[in-house]
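Residue-level structural notes
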Amino acid sequence: MNSLSGKVAIVTGAGQGIGKALALFLAKEGAKVIVNDLGTNENGDIKLADAVTQEIKEAGGEATANYNNVAGFNESQKIVEQAINNYGKIDVLVNNAGIVRDRILFKMSESEWDSVIAVSLKGSFNMTRAAAEHFKAQNSGRVINFTSTTGLIGNVGQANYAAAKAGVVGLTRSTALDMARFNVTANVIAPFAWSRMSDSIPADTEDGRRRRAIAQMMTADHIAPLVAYLASDLAGHVSGQIFCVRGKEIMLFSQPRPIKTAINLQGWTVENIDASLMDWFKGGLTQMDTSPSVFSYKPVV
């Protein structure tokens, strides 16, 4: 039996790239899928959600297209309502929708900041909030969010995206804690795969071309099995975790916890912080790495 038989799933940003691969795979595993996406094809005459929905149906699955904007609180409610109206329930929420508006911090506009936060972070909250009431009522549910190593580690020129994706990690942890009593799990994945957003990597430098070449080696298909597992009944004991998928490599990330502590019974001053505390802490200070520098090696594909 397929791992998601009888389940109803919503996948946001499912018109292409990672979201499309997830929607197709969840449907293959037996889920009925709400395919959410705002976009159209390059000619503007075919809605991407329609095309993915049709592909699922042609493969023998069940799916319904949705065009609401996750950045809107009320529109997000309508996405969940569509799942309830069409299929009677919602079991799985995959918050994949996101955008990038890359710009170095001192040149970033307010609109570039707001738009990325609205889709990636607020959109994930909107959708989770809309689904949470139904999960609570039925005493079950799965939330799978998407972060980025830009938010977990850092990157240049992506303050908006990093803040949004780091916020998604905090949202995931809070969701896991708030909803645990209702048998609802929440986990987050940092994906590596070539997508529309990856196309923003600049190709005008040797480093940029190398990064693009590495990204193009990885496909969204590698991410889908972990999503399906976390969406299934098999993963009821897994919640509040940060995973990363890079080709055929799946990683479990650590989460912030104190690593060193110092006490001064006379109290801290600027001088003794400089003279003793920083000397004690220096071996534990995190390096100023970027995601590309940490993951510079070729992926296993």
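No experiment lies behind these values; they were computed from the predicted model shown. (Residues numbered from 1 in each chain as written. Predicted model: local features only at pLDDT ≥ 70, side-chain atom pairs only at ≥ 80, totals over all residues. Heavy atoms only, no water.)

Looking now at the overall build of the protein. When you go through the protein residue by residue, the secondary structure sums to ten helices and eight strands. Since a compact globule built from 301 residues should have a radius of gyration of about 19 Å, the 21 Å found for the protein is in line with a globular shape. Dimensions of the protein along its principal axes, counting C-alpha atoms only, are 70 × 50 × 40 Å. Taking all 301 residues of the protein together, 46% fall into the buried category. Across the protein, every contact between residues at least 6 apart in sequence was considered, and the portion connecting residues at least 24 apart equals 70%. In the structure as shown, the protein presents an accessible area of about 15200 Å², 54% of it carried by carbon and sulfur atoms. Across the protein, the 29 positively charged side chains and the 28 negatively charged ones have centroids separated by 4 Å. (Helix = DSSP H or I, 4+ residues; strand = E, 2+ residues; numbered from the N terminus. Rg over C-alpha atoms; globule rule 2.2 N^0.38 Å. Buried < 20%, exposed > 50% of the residue type's maximum accessible area, 1.4 Å probe, protein only. Contact = heavy atoms within 4.5 Å. Areas by Shrake-Rupley, 256 points an atom, 1.4 Å probe, with all protein chains shown as cover. Lys, Arg positive; Asp, Glu negative; His and termini not counted. Charge placed at Lys NZ, Arg CZ, Asp CG, Glu CD.)

Here we come to the pairing of strand β2 (residues 32–36). Where burial is concerned, most of β2 is hidden: four out of the five residues are buried. Here four bridges tie strand β1 (residues 8–11) to β2, and the two strands are oriented parallel to one another. Residue isoleucine 10 lies in a different strand from β2, and its bridge partner there is isoleucine 34. When β2 meets strand β3 (residues 62–66), the two strands line up parallel, connected through five bridges. Bridge pairing links valine 35 to alanine 65 in β3. (Pairing = 2+ DSSP bridges.)

If you walk through the whole model with that rule in mind, you get six salt bridges. A salt bridge links lysine 7 to aspartate 233, with the shortest nitrogen-to-oxygen separation between them at 2.8 Å. Of this pair, lysine 7 sits in the segment before β1 while aspartate 233 sits in the loop between α8 (224–231) and β7 (242–246), and the two are 226 residues apart along the sequence. Judged by relative accessible area, lysine 7 falls into the buried class, the value being 16%. Here arginine 103 and glutamate 112 are joined by a salt bridge, their closest N and O atoms 2.5 Å apart. (Salt bridge = Lys/Arg side-chain N within 4 Å of Asp/Glu carboxyl O.)

Quick look at the pairing of strand β5 (residues 141–146) now. Counted residue by residue, β5 has six buried out of six residues, so it is predominantly covered. Burial of the side chains of β5 extends over both faces: Gly141, Val143 and Asn145 are buried on one face and Arg142, Ile144 and Phe146 on the other. Relative to β5, strand β4 (residues 92–95) is paired through four bridges, and the arrangement is parallel. Within β5, the position partnered with leucine 93 by the bridge is valine 143. Handedness of the crossover is the feature at issue here: the chain leaves β4, passes through helix α4 (residues 110–138), returns alongside β5, and the resulting connection is right-handed. Pairing of β5 with strand β6 (residues 184–192) involves six bridges; the strand directions are parallel. Counted as the bridge partner of glycine 141 is valine 184 from β6. (Right-handed = clockwise from strand over helix to strand, strands pointing away.)

One non-glycine residue, asparagine 139, lies in the positive phi region at around 60 degrees. Mapped onto the secondary structure, asparagine 139 falls in the loop between α4 and β5. The class of asparagine 139 is partly exposed, set by a relative accessible area of 37%. Of note, the phi angle at asparagine 183 is positive, near 60 degrees, even though the residue is not glycine. Its place among the elements puts asparagine 183 in the loop between α6 (159–179) and β6.

Shape descriptors only; they carry no functional weight alone.
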